[in-house]
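# Analysis of the macromolecular model
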Amino acid sequence: MSTTQVAQPMTDAGVDQLCINTIRTLSIDAVQQAKSGHPGTPMALAPLVYTIWNRVMRFDPQDPIWPNRDRFVLSNGHASMLLWSVLHLTKTQAVNADYERLGQPSVTLDDIRRFRQLDCKAPGHPEYHWVSGVETTTGPLGQGVATSVGMAIAQKWLATRYNRPGFEIFDYNIYAVCGDGCMMEGIASEAASLAAHLGLDNLCWVYDNNHITIEGNTRITFTEDIATRFLGYGWNVLRVGDANDTDRIEHALEVFRKTKGRPSFIILDSHIGYGSPHKQDTSEAHGEPLGDEEIRLTKRSYGWPENAKFLVPGGVYEHFAAGIGVRGAKACQEWTKLFDAYRGTNPELASQIDQMQRRELPAGWDRNLPVFPADSKGMAGREASGKVLNVLAQNIPWFLGGSADLGPSNKTLLTFEGAGDFQANSPGGKNLHYGIREHAMGAIVNGLSLSKLRAFGATFFIFSDYLRPAIRLSALMELPAIFVFTHDAMGDGEDGPTHQPVEHLASMRAIPGLVTLRPADANEVVEAYRCIMRLRHKPAVLALSRQPLPTLDRSRYTSASGVAHGAYVLADAPNGNPEVILIASGSEVSLAVNAHETLLAEGIRSRVVSMPSWDIFDHQTREYRDSVLPPNVKARVAVEQASTFGWERYVGTSGHVIGMKTFGASAPLKELQRKFGFEPERVVAAAKELLGRA
Ligand SMILES: Cc1ncc(C[n+]2csc(CCOP(=O)(O)OP(=O)(O)O)c2C)c(N)n1
Ligand SMILES: [Mg+2]
């Protein structure tokens, strides 16, 4: 059934239309078969996606990870059938996690038949890492367009750092398609504002202006003048009044490519559910199968065999092969030749590009990492972090990042010679200035990371709430993104409860696959970064103190290299046979050490476990975990300036947790420590009580 001929005049326009209607009907049939999904937008945007892919994009279906490919982001991820259709029809090939080509298609017709079913390569929403050819996971509206800004920054940065006269190694563009939802989400505004500020003329957003969202017509929610809004940001704003007019779409995309100095925003007027006699222009077309009868009528309106299902008419695969297939292969082959020549004249840069693409670290990436001497006054976590970042950014050419306007406070500024600021007129700078746009920053870090750069974003830990959706996506996408959060507890003191994180550690620890680290002193900060830099497929969150923490004497206590295990015995009972275990992270570790010394002096055999990362510890062998937390030692006290939520898993039902059960307060840190019980005496008392020696 799948290659039956459809009676169509085979003019160029006829073949175009046949391809467009194939995308439409595959989408309709898949949603109907799955009894769930979103048919209306694929029906409307099939001509757009067809035009971008088959006429414009430089993308080689044979090599979907070719570094200089144009990127396509479907920010309105619910329209995923657009992507599954086009990946299938272009015969885009599958690639595995080791970047090897598997010699099989990314999305088969069978996958489309099994749309939204377990393990099939046509899931409900586009998923990076699961389906080759998907450039970023989308579904949470707004994330895709914001991520595309990170991709555009990455392209500019790569071009500036790696292109040489006669060697345009990186000159790709980024196309993002979005709908009303994406445009209403705040993250898109943050990202659009920054994109224009940075003059990202390699970035094109196409806005599906269909006036429909789930609750109905946008007259009930969204009546702003979006053209004026984007003009205000400084975008080049274009309009195509008919989503079926592929020539005008192509022309607008050409204008985008010729426009320098600013990103382009194409407003595309469309009809959701196009061609459906009863559902076009209604919100019903958004997220429900059309139903058998309506499908027949719709197919009739397309001139399609009414009862055919999952039909790919003869000539369609061939037309995609002749379009994007030929153009993409040629572009990729030319690039490969160019890159070979570049490798001859710039071997060092070429090998950096190779390593970057495989997410490897360059030799000597950790040379000159600081070792901090014991110091009772110590150093703030953020301070140590700043020193480490400046070393890493010098050792790893493609390491870059910045803060959401808190650089001086987060200590994330890269100050070495040649670091530079990333701006429109200096797009090779390593210091990114996200401005006060945390949500977009999260997505931009993901976009940079999807472009294979090692990128970080920074703010106060309290504001991790503002970018949590992007952090979650980084974990879902298995990206080695880095989030540097300072002011990790009540060190903010006088700023008060609006600035004091409580539930944030628990919240980060709850995200599957995210590595959260809260180091105890300057040397643990160094070791935490060592762990983070070795991650290839996991994001990391660093929670760092604002205030100085004593640098522990590692000749007296065990080495900070124990951080690599997530938790380690820092100080032990003299015979290694503890009767009580004190577990702490970050700023509370030195507090636990103080309590430990007191307990020892009183003849109580205590052990201190520094636990910077639950996640890493949980991945150790049972043998190791039991050696750190021997199951027979039930007297356990955990101390952490954060929500107590979850600590039972380490202290057990008979243990004690000293943590936060309320919000903090505005006062000097010392007073807060007293008020909330973060004092050695309290830990000592809790330990004794558990041992029945109170
Ligand atoms: C952040 C977020 N909020 C809510 C949703 C649920 N949702 C999915 S699609 C949609 C409506 C989107 O409208 P629009 O972007 O105009 O899409 P269209 O129906 O026009 O394709 C909503 C609310 C979501 N996916 N992400
Ligand atoms: Mg809409």
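This text follows the structure it describes.
So, a few notes on the structure that sits alongside this text.

## A short note on the coordination of the magnesium ion (ligand 2)
Donor atoms from the polypeptide that bind the magnesium ion (ligand 2) are D180 (OD), N210 (OD1) and I212 (O), placed at 2.1 Å. All donors to the magnesium ion (ligand 2) come from one chain, and their sequence spacing reads D-x29-N-x1-I. You'll find N210 and I212 in the same group, each marked buried.

## As for the sheet that holds strand β21 (residues 636-643)
The strand order β18-β20-β19-β21-β22 describes an open sheet built from five strands, whose pairing is mixed. Sheet topology places β18 (568-571) and β22 (656-660) at the edges, where each strand pairs with a single neighbour. The mean angle between the axes of side-by-side strands here comes to 25 degrees, regardless of whether they run parallel or antiparallel. Relative to strand β20 (residues 606-610), strand β19 (residues 580-584) runs parallel, the two sharing five bridges. If you follow A584 over to β20, its bridge partner there is S610.

## Comments concerning the packing of helix α2 (residues 40-56) against helix α3 (residues 80-89)
Direction vectors running N to C along α2 and α3 enclose 40 degrees, while the axes themselves pass 10 Å from each other. When the interaxial angle is binned, α2 and α3 end up oblique. Where α2 crosses over α3, the handedness of that crossing is right-handed. Each of P42, L45, A46, V49 and W53 in α2 lies in contact with α3, whose residues at this interface are M81, L82, L83, V86 and L87. Here the residues of the contact of α2 with α3 are counted per class, giving 10 nonpolar, no polar and no charged.

## A short note on the packing of aromatic side chains
If you walk through the whole model with that rule in mind, you get 28 aromatic pairs. Here F460 and F463 contribute two aromatic rings whose centre-to-centre distance is 6.0 Å and whose plane-to-plane angle is 25 degrees, an arrangement assigned as stacked. Relative to F485, the ring of F461 has its centre 5.7 Å away and its plane inclined at 25 degrees; by these criteria the two rings are stacked. Of the two residues, F461 is situated in the loop between β13 (454-460) and α17 (468-476) and F485 in strand β14 (residues 482-486); the sequence distance between them amounts to 24 residues. Put simply, the rings of W205, Y207, F230, Y233, W235 and F265 touch in pairs and so form one group of aromatic residues. The lysine or arginine in question, R71, covers the ring of Y172, its NZ or CZ lying 4.1 Å from the ring centre. Directly above the aromatic system of Y317 lies the positively charged group of K91, at a separation of 4.7 Å from the ring centroid.

## Some remarks on the nonpolar core
Ranked by internal contacts, the top residues of the largest apolar core, which has 234 residues, are W53, F72, W84, Y162, M183, W205 and L582. Discounting chain neighbours no more than four positions away, the residues touching M183 are C178, A188, W205, Y207, F222, I226, R229, F230 and F265.

## Considerations on the packing of helix α1 (residues 12-34) against α3
Interhelical geometry of α1 versus α3 gives an angle of 120 degrees and a closest axis separation of 9 Å. Taken together, the axes of α1 and α3 are oblique relative to one another. The hand of the α1/α3 crossing is right-handed. Along its contact with α1, which presents T22, I23, L26, S27, A30 and V31, the element α3 presents M81, L82, S85 and L89.

Analysis parameters
Residues numbered from 1 in each chain as written. Chains lettered and ligands numbered in written order. Predicted model: local features only at pLDDT ≥ 70, side-chain atom pairs only at ≥ 80, totals over all residues. Heavy atoms only, no water. Donors = N, O, S within 2.8 Å, 3.2 Å for Na, K, Ca; no water. Buried < 20%, exposed > 50% of the residue type's maximum accessible area, 1.4 Å probe, protein only. Pairing = 2+ DSSP bridges. Helix = DSSP H or I, 4+ residues; strand = E, 2+ residues; numbered from the N terminus. Axes fitted to C-alpha atoms, helices over the stretch in contact; angles between N-to-C directions. Parallel < 35°, antiparallel > 145°, perpendicular 65-115°, else oblique. Left-handed = near helix turned anticlockwise from the far one by under 90°. Contact = heavy atoms within 4.5 Å. Nonpolar A, V, L, I, M, F, W, Y, C, P; charged D, E, K, R; others polar. Phe/Tyr/Trp six-rings, centres within 6.5 Å; stacked < 30°, edge-to-face > 60°. Lys NZ or Arg CZ within 6 Å of the ring centre and 35° of its normal. Core = buried A, V, L, I, M, F, W, Y, C linked by side-chain atoms within 4.5 Å.

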